[in-house]
Amino acid sequence: MEMADRLVAEATALGAVPCRPVALDDSRLLDEIEAWERIGRLADARRTALAGEIAWRSREQIGEASLAKREGQRDAVDLLAQELRISTREAKRRTALGLRLRSRLSLLGEELPGRWAHVAAALEAGAIGVDAARVIVDALGAVARRADAEDLQVAEAALVESARSMSADLLRVQAEVWQAALDPDGAKPAEDAAHVNRSAKMGRESADGITVTILKTETEVTALLRAALNSGRRGVQWVRQPADDCEDDSEWHEAADDQRSRAQFDHDTLIDIIRAGLRASDDEAASPASSPAEVIVVVKADDLEAGRGCGWADGIAGRIAIPTVRRLQCSGSTRLAVTGGEGEVLHLSHAKRLFTRAQRRALAVRDGGCAWPGCSAPVAWTEAHHIAWVARDDGTTDVENGVLLCSFHHHRIHSSDEWEIRVHGGAPYLVPRRWRGAPSPRHRMQRHRLHQAGDPPGQVA
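Reading the values: the criteria
- Residues numbered from 1 in each chain as written.
- Predicted model: local features only at pLDDT ≥ 70, side-chain atom pairs only at ≥ 80, totals over all residues.
- Heavy atoms only, no water.
- Core = buried A, V, L, I, M, F, W, Y, C linked by side-chain atoms within 4.5 Å.
- Buried < 20%, exposed > 50% of the residue type's maximum accessible area, 1.4 Å probe, protein only.
- Helix = DSSP H or I, 4+ residues; strand = E, 2+ residues; numbered from the N terminus.
- Contact = heavy atoms within 4.5 Å.
- Expected span 1.5 Å × (residues − 1).
- Arc of directions from axis to C-beta.
- Pairing = 2+ DSSP bridges.
- Patch = residues over 30% accessible without salt bridge, like charges linked within 9 Å, V, L, I, M, F, W, Y side chains within 5 Å.
- Areas by Shrake-Rupley, 256 points an atom, 1.4 Å probe, with all protein chains shown as cover.
- Salt bridge = Lys/Arg side-chain N within 4 Å of Asp/Glu carboxyl O.
- Lys, Arg positive; Asp, Glu negative; His and termini not counted.
- Charge placed at Lys NZ, Arg CZ, Asp CG, Glu CD.
- Axes fitted to C-alpha atoms, helices over the stretch in contact; angles between N-to-C directions.
- Parallel < 35°, antiparallel > 145°, perpendicular 65-115°, else oblique.
- Nonpolar A, V, L, I, M, F, W, Y, C, P; charged D, E, K, R; others polar.
- Phe/Tyr/Trp six-rings, centres within 6.5 Å; stacked < 30°, edge-to-face > 60°.
- Lys NZ or Arg CZ within 6 Å of the ring centre and 35° of its normal.
- Polar contact = N/O pair within 3.5 Å; in protein donor to acceptor, adjacent residues only side chain to side chain.

### Describing the nonpolar core
Val119, Ile128, Ile136 and Leu140 are the most contacted members of the largest nonpolar core, which has 28 residues in total. Mapped by element, the contributors of at least two residues to this core are α5 (88-101), α6 (117-124), α7 (130-141), α8 (149-163) and α9 (168-182). The biggest single contributor to this core is α7, with eight residues. When neighbours within four sequence positions are excluded, Val119 is seen to be in contact with Leu101, Ile128, Ala133, Ile136, Val137, Glu156 and Val160.

Quick look at the structure:
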């Protein structure tokens, strides 16, 4: 109890030290943050060690003698979260690292170092932080069973030395190199483990209509996704803008008028790729045994006609706005079930998309990708949009009444009152709704092809 009282007194004294960053010059600001980082590292080391010991004394194998159970908690994580008022995630991180760095007592009561003695010593001295310690232990622990014990100690000591002078991110790169050198079986065991642990989980829809999806991918799939997202970004101009949730922070947005953030842009790219795959289900290259995914959206006839209310996707609790329902109806990518006032089905659309494959090929030759000016989405990521809408304008399913748009811009043309597409001289033009008279040449929609000499992109007659 005496040690605890002394620590509380020292913590109180630290709390009394004034912290006024705005009053410091640059040199003193850097000096102070380095000093407090050292104090924080020492505190983190102690918190990790104590959490590891609590986890050891609360392990399931000792039954009712478990410290956590004697305190009325299920395990060490619950005990720490309750007692320290921290998140379960943070409690798990502390106990996991603490257990791996925990020292042992000999039969004579002498303290013996644990498996990762170099990491534990450097962490306790405040020479490295918990992030670096976690990187080293995770990387070397993954190959420990297949590596030579002496080589493992050499790698641990080398990584600890590197951690004294580099960030945890750079240290991770070095750790991966050591991991590859130590593992006599190569990457195959890690690949097998990743293959077993791959998963995709869709959570519940929240009140604001957002669903959190967790995707765990193998290295080759991660590389494929990253390459696809990078390919989608190619040619897009980006600028920094203040973040929506913090005026003092910034994030990358499109320089064009869409101004999507990179996260939004990547989301739209991924969804376009998925939709492209689904649209290809009836292509000649598709497997005859495959069954195309089918989504049925139920909407009341009155809501669809009035343009208000919402639709409901089969098996999904989240609502779908009427503009989105109309866009889905336009593209034919979803079966639409229109109901009457008593819930009776008045109309069930066909599952097949409205534009045929031959018509889409014709549109692909003409547009070559998303026709929205400045968009770089290729043909495979686009949907065929009816310029004169099917439901609202009785539009026909002809090439002359079609234009290729990516999912984002297709959604925009259906939900925005700012723009509309008009056909002039057999070509589509994107014009403001308030525009009167013939479209201007600058309104000509984009064509992804080699333009004729003298024709500026997006303005080909």
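### Side note on α8
Across its 15 residues, α8 extends 21 Å between first and last C-alpha, which sits within 8% of the 21 Å expected from 1.5 Å per residue. For α8, the full list of buried residues reads Leu152, Ala155, Glu156, Leu159, Val160, Ser162 and Ala163. Across the axial projection of α8, the buried residues extend over an arc of 160 degrees, all falling on one side. Structural note: α8 exposes Glu150, Gln153 and Glu161 on the side pointing more than 90 degrees away from its buried face. Those residues of α8 that are buried are in contact with α6, α7 and α9.

### Digging into the pairing of strand β7 (residues 296-300)
Covered by surrounding structure in β7 are Val297 and Val299 only, the residues Ile296, Val298 and Lys300 on the alternate face being uncovered. Of the strand pairs in this sheet, β7 and strand β8 (residues 310-313) are connected by three bridges, and their pairing is antiparallel. The partner of Val298 across the bridge, within β8, is Trp312.

### Considering a negative patch on the surface
Negative charge collects at one region of the surface, where Asp25, Asp26, Asp31 and Glu34 lie side by side. Taking the relative accessible area as the measure of exposure, Asp25 reaches 42% and is therefore partly exposed.

### Some points on a nonpolar patch on the surface
Judged by side-chain polarity, Leu14, Val17, Trp36 and Ile39 come together as a nonpolar surface patch covering roughly 300 Å² of accessible area. Residue position: Trp36 is located in helix α2 (residues 26-57). Trp36 sits in the partly exposed class, given a relative accessible area of 33%.

### Concerning the packing of α8 against α9
It is the contact of α8 with α9, at a shortest axis distance of 10 Å, that shows an interaxial angle of 170 degrees. One way to sum up the angle between α8 and α9 is to call them roughly antiparallel. Together, Asp151, Leu152, Val154, Ala155, Ala158, Leu159, Ser162 and Ala163 of α8 and Leu171, Gln174, Ala175, Trp178 and Leu182 of α9 make up the contact between the two elements. Residues that form the contact of α8 with α9 fall into these classes: ten nonpolar, two polar and one charged.

### Considerations on the packing of aromatic side chains
Here the structure, examined in full by the defined rule, presents one aromatic pair. The positively charged end of Arg59 is found above the aromatic ring belonging to Trp56, 3.9 Å away from the centroid. When the ring centre of Phe408 is taken as reference, the NZ or CZ atom of Arg260 above it lies at 3.8 Å.

### What to know about the pattern of salt bridges
Applying the stated criterion across every chain, the model contains 20 salt bridges. A salt bridge links Asp138 to Arg100; the nearest nitrogen and oxygen atoms lie 2.8 Å apart. Residue Asp138 is located in helix α7, and its partner Arg100 is located in helix α5; the two are separated by 38 residues in the primary sequence. Salt bridges here are not isolated pairs; linked through shared partners, they connect Glu90, Arg93, Arg94, Asp131 and Arg134.

### Some details on the pairing of strand β14 (residues 419-424)
When a strand is regular, its side chains alternate between the sheet's two faces. With six bridges joining them, β14 and strand β15 (residues 427-432) adopt antiparallel strand pairing. Pairing of Arg422 across the sheet is with Tyr429, part of β15.

### Side note on the packing of α2 against α5
One way to put it is that α2 packs onto α5 with a least axis distance of 7 Å and a crossing angle of 85 degrees. Put simply, α2 runs roughly perpendicular to α5. Facing α2, whose interface residues are Arg47, Thr48, Ala51, Gly52, Ala55 and Trp56, α5 presents Arg94, Thr95, Leu97, Gly98 and Leu99. A breakdown of the residues in the contact of α2 with α5 according to their chemical character gives five nonpolar, four polar and two charged.

### Digging into the environment of Leu112
You can see Leu112 is positioned in strand β2 (residues 111-112). In this structure the C-alpha to C-alpha distance between Leu112 and Arg102, which are ten residues apart in sequence, comes to 9.4 Å. Each residue touching Leu112, except ones within four places of it in the same chain, is listed here: Ser103, Arg104 and Ser106.

### A short note on the side chain of Arg360
Examined against the element boundaries, Arg360 turns out to sit in helix α15 (residues 357-367). Judged by its relative accessible area of 12%, Arg360 is buried. Here the side chain of Arg360 touches Thr382 through a polar contact of 3.5 Å, landing on its backbone oxygen.

### Re α7
Taking 1.5 Å per residue as the helical rise, α7 with its twelve residues ought to reach 16 Å, and the 16 Å between its terminal C-alpha atoms agrees with that figure. With respect to burial, α7 is a largely interior element, nine of its twelve residues being buried. By the burial criterion, the buried members of α7 are Val130, Ala132, Ala133, Arg134, Val135, Ile136, Val137, Ala139 and Leu140. Lining the buried residues of α7 we find α2, α5, α6, α8 and α9.

### Side note on the side chain of Arg260
Following the sequence through the fold, Arg260 ends up in the loop between β6 (246-254) and α12 (262-279). Its relative accessible area of 5% is what places Arg260 among the buried residues. With sequence-adjacent residues up to four places away left out, Arg260 is seen in contact with Trp238, Trp252, His253, Glu254, Phe265, Asp268, Phe408 and His409.

### Examining the environment of Ile274
Relative to the helices and strands, Ile274 is located in helix α12. Under the relative-accessibility criterion, Ile274 is labelled partly exposed at 46%. Residues Ile274 and Ala380, 106 residues apart in the sequence, show an inter-C-alpha distance of 9.8 Å.

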